[in-house]
Amino acid sequence: MSVFGRARGSLKRAHFARRGRGSHRTLAALIAAVLSLSMITVVLAAVPAATAGECNGSQHAPILITSDTGFTAANGVASGTGTPSDPYVIANLAINDMSLGYGLKIDNSAGTITKSFEITCVSSNWKVATPSGGYVVWLVGVHTATTVTMVLSNSGELPNSSGIRVEGSSHILLNEESFNKVGGDGIQIIGSDHITVLDSKSKSANNGLYIQDSHDIVVGQTCSVGGGQGCDEFTYDDNNGLLVQDSYNIQVIDTMTSADDTGGIVLSGSGTYNVTMTGGEATANGPICHSGTYSGYVSDTITGIAVVNGAHDITVHGYTMQANGDGGGGYFDIMNGGKGLYLNPCGGLVNLPKTPPGGANLDFSGNCYTYAYGFDPAPAPVCPTS
């Protein structure tokens, strides 16, 4: 990952304004949106209608469910019988004691959970926590179609405090999640498949969304980027807005990502391939020098989108991408590999080992950007005219 210089070229900054996208869309974005429907295998109908304002949950101790017998009223079940047509609904909980490393953990490692369930309106402000942190909602080994909606948290950037972790699971829909100032990752998808993330927002001290060793993931849906209606937004993150590590068959649709001069989106590892991203924004234009001190992460890929460490078969169309700089000291809008430089206004230029580039079949045509690094030839930029 990387960081570099500042100042800008002659391309109008209006092209990169967070709210200035308008209704610009590409045919590729529409195609990706249609294709994504085949990967969404869970539905929202089973969850009672609610709004974020209605998530005023009752105070509750941490909950651990490891078998069907754990789905009880004492463990937050508000309704349902556990069948696919009438799942248990765990709802309206405020779990501020995170001393066990989780607020709500559903662990099917032993294979003793067979019932269907949904989760809605679970919040935490991390009043009680340990230095090791934890997760507001943590799913392990869940393979029944499950919707998790309106998980809300603000930890004040407490170290290692994360929002949702989906681990070794499949057929999960994450919808309308909201994490503000969490100290870890907003959402983690680890060793999982057929996961969909819709209309969710994260501002974190690490990654907004972290995908590792997973496949068949859909992030986002057709929406008006920057308009706040139905779009995923992983913004103001200190590490990456979106980090994909050794994962494949990934679709990212109309999603806004930004980071504090580290990398809006980083696609890493030879196990990362068949990634299609359409119609979004990716920036690395936040501060890295707060009050004269270092902040953020030292990296040689500070950029809108970086492809590194052998990631291959990547398609990006209809994106607007920006990093703070003119390409001279770094800060390229798109990068294939790192440049081996880190420039911080607090400490000057630092030489780093170069992050290896991506592999074959990198298609970055039809995007709006100014400065590219590591592409030969560099793709021709295509920007809106108004």
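Up top is the structure these notes are about.
Just so it is clear, the model here is predicted, and its values are computed rather than measured.

### Remarks on the packing of aromatic side chains
A complete count under the given rule lists six aromatic pairs for this structure. Consider the rings of Phe332 and Tyr373, whose centres lie 5.2 Å apart with planes at 40°: the pair is tilted. Remark: Tyr373 occurs in strand 33 (residues 372-373) and Phe332 occurs in the loop between strand 28 (320-323) and strand 29 (334-336); sequence separation between them is 41 residues. An aromatic cluster is built from Phe71, Tyr88 and Phe117, whose rings are joined through pairwise contacts.

### Overview of the side chain of Asn367
By the secondary structure assignment, Asn367 is in the loop between strand 32 (362-363) and strand 33. In terms of polar contacts, Asn367 uses its side chain to reach the backbone amide nitrogen of Tyr319, at 2.8 Å. In this structure Asn367 touches Val316, His317, Gly318, Tyr319, Met321, Ala380, Pro381 and Val382, once residues within four positions along its chain are discounted.

### Quick notes on unusual backbone geometry
Of note, the bond from Asp376 into Pro377 is cis; its omega dihedral lies within 30 degrees of zero at 0°. Positive phi, close to 60°, is recorded for Glu157, a residue that is not glycine. Relative to the helices and strands, Glu157 is located in the loop between strand 8 (146-153) and strand 9 (161-167). Phi at Asn274 takes a positive value of approximately 50°, unusual for a residue other than glycine. Note that Asn274 resides in strand 22 (residues 273-278).

### Here's the deal with the nonpolar core
Counting 57 residues, the largest nonpolar core has Ile106 and Ile119 as its most contacted members. Dropping the residues within four chain positions of it, Ile119 is found in contact with Ile90, Leu104, Ile106, Val137, Leu139, Thr147, Val148 and Thr149. The next biggest cluster of nonpolar side chains, apart from the first, holds 10 residues, and it includes Tyr210, Val266, Val308 and Tyr371.

### Things to note about the sheet that holds strand 9
Spatially, the 11 strands line up as an open sheet ordered 2-5-7-9-12-15-18-21-26-29-33, and their pairing is parallel. Only two strands of the sheet have a single partner each, and these edge strands are strand 2 (63-65) and strand 33. Relative to strand 5 (residues 102-107), strand 2 runs parallel, the two being bridged by three bridges. Bridge pairing links Ile65 to Ile106 in strand 5.

### Here's the deal with the pattern of salt bridges
Tallied over the full model, the rule gives three salt bridges. Glu167 is paired through a salt bridge with Arg165; the nearest N and O atoms lie 2.9 Å apart. For Glu167, a relative accessible area of 25% gives the class partly exposed. Its relative accessible area of 16% is what places Arg165 among the buried residues. A salt bridge links Asp199 to Lys201, with the shortest nitrogen-to-oxygen separation between them at 3.6 Å. With a relative accessible area of 28%, Lys201 lands in the partly exposed category.

### Points about the pairing of strand 7 (residues 134-140)
Here is the key point about a regular strand: its side chains alternate between the two faces of the sheet. Burial analysis of strand 7 places seven of its seven residues in the buried class, the great majority of the element. Here five bridges tie strand 5 to strand 7, and the two strands are oriented parallel to one another. When the sheet's bridge partners are listed, Tyr102 is paired in strand 7 with Tyr135.

### Some points on the side chain of Ser170
Mapping Ser170 onto the fold places it in strand 10 (residues 170-175). In contact with Ser170, other than residues within four places in its own chain, are Val142, His143, Thr144, Asp193, His194 and Ile195.

### Some remarks on the state of the cysteines
Counted by the stated rule, this structure contains two disulfides. Paired by a disulfide, Cys223 and Cys231 hold their sulfur atoms 2.0 Å apart. Negative torsions about the S-S bond denote left-handed disulfides, and the value of about 120° found for Cys223 with Cys231 makes this one right-handed. A residue is classified by how much of its surface remains accessible, and Cys231, at 2% relative accessible area, is buried. A disulfide bridge connects Cys368 with Cys383, and the sulfur atoms are separated by 2.2 Å. Residues Cys368 and Cys383 are joined through a disulfide that is right-handed, its torsion about the S-S bond being 95°. Of the two residues, Cys368 is situated in the loop between strand 32 and strand 33 and Cys383 in the segment after strand 33; the sequence distance between them amounts to 15 residues. Of the residues examined, Cys368 reaches a relative accessible area of 2% and is grouped as buried.

Reading the values: rules and limits
Residues numbered from 1 in each chain as written. Predicted model: local features only at pLDDT ≥ 70, side-chain atom pairs only at ≥ 80, totals over all residues. Heavy atoms only, no water. Phe/Tyr/Trp six-rings, centres within 6.5 Å; stacked < 30°, edge-to-face > 60°. Helix = DSSP H or I, 4+ residues; strand = E, 2+ residues; numbered from the N terminus. Polar contact = N/O pair within 3.5 Å; in protein donor to acceptor, adjacent residues only side chain to side chain. Contact = heavy atoms within 4.5 Å. Core = buried A, V, L, I, M, F, W, Y, C linked by side-chain atoms within 4.5 Å. Buried < 20%, exposed > 50% of the residue type's maximum accessible area, 1.4 Å probe, protein only. Pairing = 2+ DSSP bridges. Salt bridge = Lys/Arg side-chain N within 4 Å of Asp/Glu carboxyl O. Disulfide = S-S within 2.5 Å.

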